[in-house]
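Spelled out, the chains give:
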Amino acid sequence: MEKVCIQGDVQLKGTVSISGAKNACLPMLAASLLTDEHCILRNVPQLRDVNFFIQLLQTLGVHVENIAPNTWKLQATHITHEASYDLVRQMRASVCIMGPLVGRLHKVSLPLPGGCVIGNRPIDLHLYGLQKLGCNVSMSQGIIHITADKLCGHSIFLGGPFGSTVTGTANLVMAAVLTPGTTVIESAACEPEVTDLCRLLQQMGAEIEGIGSPRLTIHGQNQLHGFDYTVIGDRIEAGTFLIAGLITNGHIRLEHFDPRHLGALLHVLEEVQADIKVDYESHTIEAFPCLERLKPFNITTLPYPGFPTDLQAQMCVLGLCIPGLSLITERIYPQRFMHIAELQRLGAKIILEGSTAILQGAHPLSGADVMASDLRASAALYLAGLIAQGETFVHRVYHLDRGYENFDQKLRNLGAQIQRSQENS
Ligand code: EPZ
């Protein structure tokens, strides 16, 4: 296992190229199961989660080839419907194989995904939607068995107590594109990653109306073609670097992602008077030194286009840099605060009231040993290390490698001093 040492008190400067979106490419890789024709996916980030998903597809019988950097060729000629426990339990996104396997084979068996540190991760809405399409769902010894004698289009309401479901929407769209008749998904997730998946499915020959809206209408097809598609830039990586530039009072430029996907963050940063230039034509954002003038904020995480929960931990670090009290309320995963205790080890003044973090800003942080717990908490600890006095050691850094491509090197290219080493060294 590795740890990383981050030197504090740095001002980031330079340009960073944003990688392909993890949460777009995973369901897109699963979409290759919908056809026996060959599929090509480009701008795929090199991540632990991607490598893992590729392995999962290979166990299902998909032929996979890395034909160029960040480019994968897949062909699902002969596939099985059973996914192994030791693969599925390690990554929740494995659930994205359910929809395409139901659409293609009318059956799938997979272990119920475990929970994780950010909170309960049920799939009841996924299973409800598949049942509406005609599936029978049973569970024995922790394995979910989904079968369908006959699939038939239906209307499905996908709203849950925390809003819609991103991978649930992906799953049901991927089942519906091969389900005879018309399926209407009400309260579908509108995240850009879902929109991008729908565009890929259209390239495969799917007929989908209302893309980008909470009401998707899918007219099922008998079969779909392959695809050659390029993944969108990762808005969460972009938001993470934008916050890193602001907290270090730096001057950075982000490129290769669509700023329209960061509307909620850009709105908050405008409210706190950040000095940012957005170019929607060239798909770039530039942040200038402005830390001294920033104002406290009060935000709540919500489904897209609301403020993304995946930037909540990173925003906690920004709140710690702004004099006064900033508030962040987490409405998607109310327990998603594993980073708070670690930030407090760096001297952060934070009070957690239910699912609201109250951040006392402009209190100096000092470097310490901290423990990564999940993907976005790890990123927040890196950001805190950049501004803490002295050295910060982030342990269990494999959590970060799940979702950020070349994160250390991208930060070094902006002037950060970061070194990795083995835990026991
Ligand atoms: C996706 O997870 C993302 N992962 C998550 O990103 C992201 O935080 C989340 O969407 C919310 O935006 C991928 O796309 C691979 P949900 P997903 O189903 O689809 C509840 C990251 O850091 N819910 O939209 O699993 C659920 O408990 C990861 O990149 C049900 O109640 O999230 C949660 O409170 C972390 N029943 C809320 O809905 C269900 O059947 C949103 O969950 C499904 C979900």
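Residues numbered from 1 in each chain as written. Predicted model: local features only at pLDDT ≥ 70, side-chain atom pairs only at ≥ 80, totals over all residues. Heavy atoms only, no water.

**Student:** I keep staring at the sheet that holds strand S22 (residues 391-395) and nothing clicks. Help me out?
**Tutor:** Paired through backbone hydrogen bonds, the strands of a sheet run either parallel or antiparallel to each other. Read across the sheet, four strands follow the order S21-S22-S1-S23 without closing on themselves; strand pairing throughout is mixed. Strand pairing shows two members of the sheet lacking a second neighbour, strand S21 (369-371) and strand S23 (418-422), which therefore form its edges. Each neighbouring strand pair of the sheet contributes to a mean axis angle of 25°, computed without reference to strand direction. Two strands pair when backbone bridges link them, and strand S1 (residues 2-7) and S22 are joined in this way by four bridges, in the antiparallel orientation. Across the sheet, the residue bridging to Gln7 is Glu391, located in S22. Along the sheet face, helix H12 (residues 375-387) touches S1, S21, S22 and S23 and points at about 35° away from the line of S1. (Pairing = 2+ DSSP bridges. Helix = DSSP H or I, 4+ residues; strand = E, 2+ residues; numbered from the N terminus. Axes fitted to C-alpha atoms, helices over the stretch in contact; angles between N-to-C directions. Contact = heavy atoms within 4.5 Å.)

**Student:** I tried to follow the site of the ligand on my own but got confused; where do I start?
**Tutor:** Near the ligand lie 24 residues; those nearest to it are Arg92, Thr165, Thr167, Asp310 and Ile332. Measuring from an oxygen atom of the ligand, one finds a backbone N or O atom of Ile332 at 2.6 Å. Within the complex, the protein chains bury 92% of what would otherwise be the 830 Å² of accessible surface of the ligand. Mapped by element, the contributors of at least two residues to the shell around the ligand are helix H1 (22-31), helix H5 (124-132), helix H6 (166-176) and H12. Broken down by element, the shell around the ligand gets its largest block of residues, three residues, from H5. For the shell around the ligand, the residue count by class is ten nonpolar, seven polar and seven charged. Summarising the domain contributions, the shell around the ligand has at least three residues from each of domain 1 (2-19 + 233-422) and domain 2 (22-230). (Near = heavy atom within 4 Å. Polar contact = N/O pair within 3.5 Å; in protein donor to acceptor, adjacent residues only side chain to side chain. Areas by Shrake-Rupley, 256 points an atom, 1.4 Å probe, with all protein chains shown as cover. Nonpolar A, V, L, I, M, F, W, Y, C, P; charged D, E, K, R; others polar. Domains from an automatic or database assignment.)

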